[in-house]
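Given next are the chains, with one letter for each unit.
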Amino acid sequence: MMSDVNTVPASVAMLRVLESWGVKQIYGYPGGSFSSTMSALEQEKERIQYVQVRHEQVGALAAAAEAKLTGKVAVTFGSAGPGATNLLTGLYDAREDHAPVVALVGQVPSPNMNMNYFQEFSEQPMFEDVAVYNRTVMTPESLPWVVDKAVREAYKHQGVAVVVIPNDMGFGEIPDVEYASAMIDETKEAPLPDPTNEEVDKFLEMVKEAKRPLIHVGRGIKDGGDQLVELSKKLQIPLVMTGLAKGLVPDEYEGNLGMANRAASKAADEMFATADLVIAIGADFPFANLVYRSHDFKFIQIDADRVQFGRHHYLDLGIWSDATSFVEKALDRSEAAPESPWFKAAVADMQNWSEYLDMLTNRDVSPLEFEPVYKHINRIAKDDAIFSIDVGDNIINSFRHLKLTKKNKWVISALFASMGVGVPGALAAKFNYPDRQVFNISGDGAYSMVMQDLITETKYQLPIINVITSNEALNFIKNSQADTDMNDYSGIFIEGQDFAMSAKSMGVEAVTVRSTDELEAAFDKAVEVTEAGKPFLIDAKITDKRSLPVEDLLIDVEDGKWVEKVAPNYNAVGVMEHIDSVRDFFDSYDAQSLKTLPELFEEFGVEA
Ligand SMILES: CC(=O)OP(=O)(O)O
């Protein structure tokens, strides 16, 4: 009989399910329709923390970042109506970067549903596209079960699970029994396929036939970076990384050419443009239709996910396999290739590029440019620091200038490119890794979309180093406009703000820097304040200088010789117009020290 059984509010039972999954905090901002869960959060506060953010989007982005950083399910919430719609950007961010996130969404009490009630709308259809699992709870008894299932679905599909909770469901009393089913380690990978000997031998045959092979490495390589470096040396194949794979192969490895496309190193784009064999290993690359189709090459794809095959380029060979076990088998079955002029040229190209970047980082410039800011980030960064990097120029700049060790972590919005991820990513980093140094690196446009959540850094006394690079422009977009033959810029200039002053008003110590000689003291102060357990903000007023757009270099063969040109649509408004010589192009970016690719190919004897 019910009277003999202890009961518990369904919302409390639901939170206990989340606790049993190891969820330590839930990010959100309450509305009236979420009261049943809020009351449970109060009751369970010793076991699960409610993190009060100041906008549901920040909560959803923080959950996405937490899932990306930890690999574990993260939870966010919003109430009915605008609370629900505000979650969407963060949920899409999680979906695109394959992060397991559960969203608890408030709904008006069930008797008011379908009655045109205040803040009521039909939530499920809105979440249908973003979610791998999407349910409205119909009884209090089912609430903990549905949430348990949501966690499993989020893990299984590495995506977003949505549970809509009519407010009265959470208040309903249900038997106080165990609701989470037996735990298994959901972060454990399902067994992935191995390659066959025949597949690896066919791959090795194609590598032998190629003159200019290149490996495009995605995050599918996971912990196999060291083995991949060995294979790269053994077969003399340079490596180009996708954004999400940065850090999985040491930046110091000479054959690591960094990223391709717009956030690229010069070497990565030039080698992509001249490769005759591209081998994509565990790589999901959103710019494939640009970079992969720019010229003809043979294409091998190795992927553990069957739906990825052929997405990027027609296949000459597809191998359904875990990336690392493929690399290990290829190491076993291969013989060392002779020294390759192509590999040497790639290494020299990357060295030349790195020296150029170092020169920019180390010089004194007035007014301040972004590179010296990165010099000081690298100077104070601990070797296990975590970087949350917002969308915009800082992505390119971080790919190029941030020196990462294997112990560092970093989180970005790789595929959805959601502006405003810097602050939420830093919040998630600090809640999950309280003993590690955490940076938020954001441009002024992105930061000002979420800056209210500096209050959250103060509220929870989170020692985050916020570096805001302010140039009063959406510079990434400005440069996109320049590249699309627009006659003039439109809508990309933004008003300057005194971010140090507004940070102080939210309880965060802050400084403004305008010249290279102010950087040292500012970054030293950031260390001092954060080591004392408090957040800090540096508003670095930088120019809107464009960094060298290597994607505008085009390479071709004419009369049996390599030639390099500047893209005909290159129209760097405000930098220089109508440049067609590569030398002039380099000069306009202070890059007199760069060698052109034909010069390098000639030096190392790479035939056309
Ligand atoms: C989106 C964008 O253009 O940002 P930033 O100004 O930081 O490059």
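Being a predicted model, the structure only gives us computed values, none of them experimental.

Undergrad: Is there a simple way to explain helix α1 (residues 10–20) in this structure?
TA: For α1, a buried count of 9 out of 11 residues is recorded, marking the element as mostly surrounded by other parts of the structure. Within α1 the residues assigned to the buried category are A10, S11, V12, A13, M14, L15, V17, L18 and E19. Within two residues after α1, G22 carries a phi angle of roughly 90 degrees, on the positive side.

Undergrad: Please clarify how empty space enclosed by the protein should be interpreted in this entry.
TA: Unoccupied space between atoms shows up once a probe the size of one water molecule is rolled over them. Within the structure shown, the criterion is met by 2 cavities of 30 Å³ or more. Around the largest cavity, the lining residues are R262, D393, I396, R400, N475, N479, K545, R546, S547, L548, P549 and E551. Those elements that place two or more of their residues in the lining of the largest cavity are α16 (393–401) and α20 (475–483). If you tally residues by element for the lining of the largest cavity, the top one is α16, at 3 residues. By residue class, the composition of the lining of the largest cavity is 3 nonpolar, 3 polar and 6 charged.

Undergrad: Help me understand a nonpolar patch on the surface, please; the structure alone is not making it clear to me.
TA: The grouping of M115, Y117 and F118 at the surface amounts to a nonpolar patch, some 390 Å² of accessible area in total. Assignment of secondary structure puts F118 in the loop between β5 (101–107) and α6 (123–127). Judged by its relative accessible area of 64%, F118 falls in the exposed class.

Undergrad: How should the sheet that holds strand β3 (residues 49–52) be read in this particular structure?
TA: Note: strands within a sheet are paired through backbone hydrogen bonds, in either parallel or antiparallel orientation. Overall, parallel pairing links the 6 strands, which are arranged β3-β2-β4-β5-β7-β6 in an open sheet. On the outer flanks of this sheet lie β3 and β6 (131–136), each paired with one strand and no other. Each adjacent strand pair in this sheet contributes to an overall mean axis angle of 20 degrees, direction not counted.

Undergrad: Just to check I follow, could you spell out the site of the ligand for this structure?
TA: If you check the shell around the ligand, you find V391, G392, D393, M419, G443, A473, L474, N475, F476 and I477 and nothing else. Within the backbone of A473, an N or O atom sits 2.9 Å from an oxygen atom of the ligand. Between N475 and the ligand, the recorded distance is 2.8 Å, taken from a backbone N or O atom to an oxygen atom.

Undergrad: Whenever I open this one, the domain arrangement of the protein chain confuses me. Can you help?
TA: Note on interface size: it is often stated as the accessible area lost on association of the parts. Looking at the assigned domains, one finds that the protein chain contains domain 1 (7–175), domain 2 (197–350) and domain 3 (368–541). Distance from the C-alpha centre of domain 1 to the C-alpha centre of domain 2: 40 Å.

Undergrad: What exactly am I supposed to notice about the nonpolar core here?
TA: Taken as a class, soluble globular proteins show a tendency for nonpolar side chains to be buried jointly. Judged by nonpolar contacts, the single largest core of 65 residues is most densely connected at F203, I279, I377 and F387. Both domain 2 (197–350) and domain 3 (368–541) contribute no fewer than three residues apiece to this core. Discounting residues that sit within four places of it in the chain, F203 has contacts with L235, I279, I300, L317, I319, F326 and A330. Counting 53 residues, the second largest nonpolar core, distinct from the first, contains A65, V438, I464 and A510.

Undergrad: Would you mind going over the environment of A63 with me for this structure?
TA: Along the chain, the position of A63 falls in helix α3 (residues 56–70). For A63 and L91, which are 28 residues apart along the polypeptide, the C-alpha to C-alpha distance reads 8.7 Å. The residues contacting A63, other than those within four sequence positions of it, are Y27, A74, V75, T76 and V101.

Undergrad: It is not clear to me how the packing of aromatic side chains should be interpreted in this structure. Could you clarify?
TA: A ring pair, where both rings are aromatic, is described by two values, the distance of the centres and the angle of the planes. Scanning the entire structure with this criterion turns up 18 aromatic pairs. With a centroid separation of 6.4 Å and an interplanar angle of 55 degrees, the aromatic rings of F297 and F299 are classed as tilted. Taking relative accessible area as the criterion, F299 reaches 0% and is therefore assigned buried. Note on Y447 and F499: the rings are 5.2 Å apart at their centroids and 80 degrees apart in plane angle, and the pair reads as edge-to-face. You can see Y447 sitting in helix α18 (residues 444–447) and its partner F499 sitting in helix α21 (residues 499–505), a full 52 residues away along the chain. You'll find Y447 and F499 in the same group, each marked buried. Ring pairs connect the aromatic residues Y27, F431 and Y460, which therefore count as one cluster. Here R262 stacks its cationic end above the ring of F476, 3.7 Å away from the centre of that ring.

Undergrad: What is the right way to look at helix α14 (residues 341–362) in this model?
TA: Structurally, the α-helix is built with 3.6 residues per turn, so residues lying three or four positions apart point the same way. An ideal rise of 1.5 Å per residue puts 32 Å on 22 residues; α14 measures up with 31 Å between its terminal C-alpha atoms. Residue S340 occupies the N-cap position of α14, its side-chain oxygen lying 3.2 Å from the main-chain nitrogen of W342.

Conventions used here
Residues numbered from 1 in each chain as written. Predicted model: local features only at pLDDT ≥ 70, side-chain atom pairs only at ≥ 80, totals over all residues. Heavy atoms only, no water. Buried < 20%, exposed > 50% of the residue type's maximum accessible area, 1.4 Å probe, protein only. Helix = DSSP H or I, 4+ residues; strand = E, 2+ residues; numbered from the N terminus. 1 Å grid on protein atoms, 1.4 Å probe; cavity = no way out; pocket = protein on both sides within 12 Å on 5 of 7 lines; lining within 4 Å. Points joined across faces, edges and corners; volume = space filled by probe spheres on them. Nonpolar A, V, L, I, M, F, W, Y, C, P; charged D, E, K, R; others polar. Patch = residues over 30% accessible without salt bridge, like charges linked within 9 Å, V, L, I, M, F, W, Y side chains within 5 Å. Areas by Shrake-Rupley, 256 points an atom, 1.4 Å probe, with all protein chains shown as cover. Salt bridge = Lys/Arg side-chain N within 4 Å of Asp/Glu carboxyl O. Pairing = 2+ DSSP bridges. Axes fitted to C-alpha atoms, helices over the stretch in contact; angles between N-to-C directions. Near = heavy atom within 4 Å. Polar contact = N/O pair within 3.5 Å; in protein donor to acceptor, adjacent residues only side chain to side chain. Domains from an automatic or database assignment. Core = buried A, V, L, I, M, F, W, Y, C linked by side-chain atoms within 4.5 Å. Contact = heavy atoms within 4.5 Å. Phe/Tyr/Trp six-rings, centres within 6.5 Å; stacked < 30°, edge-to-face > 60°. Lys NZ or Arg CZ within 6 Å of the ring centre and 35° of its normal. Expected span 1.5 Å × (residues − 1).

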